[in-house]
Amino acid sequence: MATIYAIRSVDRTLQKQIRQQTKRVAAPEWTKALAERADTRLEHRVIVGTAVVTVSNQNVRIQAAGKGRALKGGLQPKRDYNAVEFGANTGKLTYQRRSRNGGTHRVTRVINTQLKPHAGKRGYVFWPTAREMVPRMGRLWVQTTVRTIANALEGKQE
């Protein structure tokens, strides 16, 4: 709360500097931390490729899979991120289909083999990284605020 009150009390140009400097440092760190945890190309495309850090006067917001176009196969990161982050139950799907000659036969398909096993609420990439990075982002935001205000009081410009 002290950081929020400090940011509110300074000039708008200093507020802007705090936001810019925090984002400049936080965005690459967030992307790097996600990339270190991501194992598959799908995780890199859906989660790491869409990672975003937004800084306001009230908070630092970290996101992934909230933006981006559909991938080549049709997967939309905004809609289908949960299967990539939390995994899926693999199994066999059996159904009847009609053949070209008019008869029917049973077909068995193995589904969701490209996804990791279901991980429950823990997740594989985003949530473990967020648990690790949220305290770091908070410390970075406080340090940037204090440094920017101190430099302004001393008359230094960054």
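Note that the coordinates shown come from a computational prediction; the quantities given were computed from them, not determined experimentally.

1. Re the pairing of strand S2 (residues 60-63)
Part 1 of the argument: Pairing between strand S1 (residues 52-55) and S2: 4 bridges, direction antiparallel. Bridge pairing links Val53 to Ile62 in S2.
Part 2 of the argument: Once S1 ends, the chain turns through 4 residues before running back antiparallel as S2.

2. Section: the packing of aromatic side chains
Part 1 of the argument: As enumerated under the stated definition, the model contains 2 aromatic pairs in all.
Part 2 of the argument: Measuring from centroid to centroid gives 5.5 Å for Trp30 and Phe126, while their planes differ by 90 degrees, and the two rings are edge-to-face. Taken together, the residues Trp30 in helix H2 (residues 12-37) and Phe126 in helix H5 (residues 126-154) connect sequence positions 96 residues apart. Comparing Trp30 with Phe126 shows no difference in burial state: the two are buried.
Part 3 of the argument: Aromatic side chains Phe126 and Trp127 sit 5.1 Å apart centroid to centroid with 85 degrees between the ring planes, which places their arrangement in the edge-to-face category.
Part 4 of the argument: Looking at Phe126, the relative accessible area reads 14%, which means it is buried.

3. Things to note about the nonpolar core
Nonpolar side chains tend to gather and get buried jointly when the protein is soluble and globular.
Part 1 of the argument: Counting residues in hydrophobic clusters, the biggest one holds 26 residues, and the most contacted among them are Trp30, Leu34 and Ile47.
Part 2 of the argument: Those elements that place two or more of their residues in this core are helix H1 (2-9), H2, helix H3 (41-48), S1 and H5.
Part 3 of the argument: Considering each element in turn, this core owes the most residues, 6 residues, to H5.
Part 4 of the argument: The contacts of Trp30, once residues within four sequence positions are left out, are Ala51, Val52, Val53, Ile62, Gln63, Phe126, Thr129, Ala130, Met133 and Met137.

4. A look at a nonpolar patch on the surface
Part 1 of the argument: A contiguous nonpolar surface patch, about 230 Å² in accessible area, is contributed by Leu93, Tyr95 and Ile111.
Part 2 of the argument: With respect to the helices, strands and loops of the structure, Leu93 is situated in strand S3 (residues 91-98).
Part 3 of the argument: Residue classification places Leu93 among the partly exposed positions, given a relative accessible area of 43%.

About the cut-offs
All residue numbers refer to position in the chain's written sequence, counted from 1. Local features in this predicted model are restricted to residues whose pLDDT is 70 or higher, and side-chain atom pairs enter the listing and the counts only when it is 80 or higher, whereas totals over whole chains, interfaces and linings include all residues. Values reported for side chains reflect all heavy atoms of the structure, with hydrogen atoms and water molecules removed beforehand. Strands are labelled as partners when DSSP assigns at least two bridges between them. By definition, any uninterrupted DSSP run of H or I lasting at least four residues is a helix, any uninterrupted run of E lasting at least two residues is a strand, and each is numbered from the N terminus. Between the rings of Phe, Tyr and Trp (Trp by its six-membered ring), a pair exists once the centres lie within 6.5 Å; its type follows the angle of the planes, with under 30 degrees stacked, over 60 edge-to-face, and the other angles tilted. Burial classes follow relative accessibility: with a 1.4 Å probe on protein chains only, a residue under 20% of its type's maximum area counts as buried, one over 50% as exposed, and anything between as partly exposed. What is meant by a nonpolar core is a set of buried Ala, Val, Leu, Ile, Met, Phe, Trp, Tyr and Cys residues, joined one to another through side-chain atoms within 4.5 Å. Only heavy atoms enter the contact rule, under which two residues are in contact if any of them lie within 4.5 Å. Patch building starts from residues that exceed 30% relative accessible area and form no salt bridge, then joins like charges within 9 Å and nonpolar side chains (Val, Leu, Ile, Met, Phe, Trp, Tyr) within 5 Å. In short, Shrake-Rupley with a 1.4 Å probe defines the accessible areas, and a residue's cover is counted only from the protein chains shown. What counts as a salt bridge is simple: a side-chain nitrogen of Lys or Arg found within 4 Å of a carboxyl oxygen of Asp or Glu.

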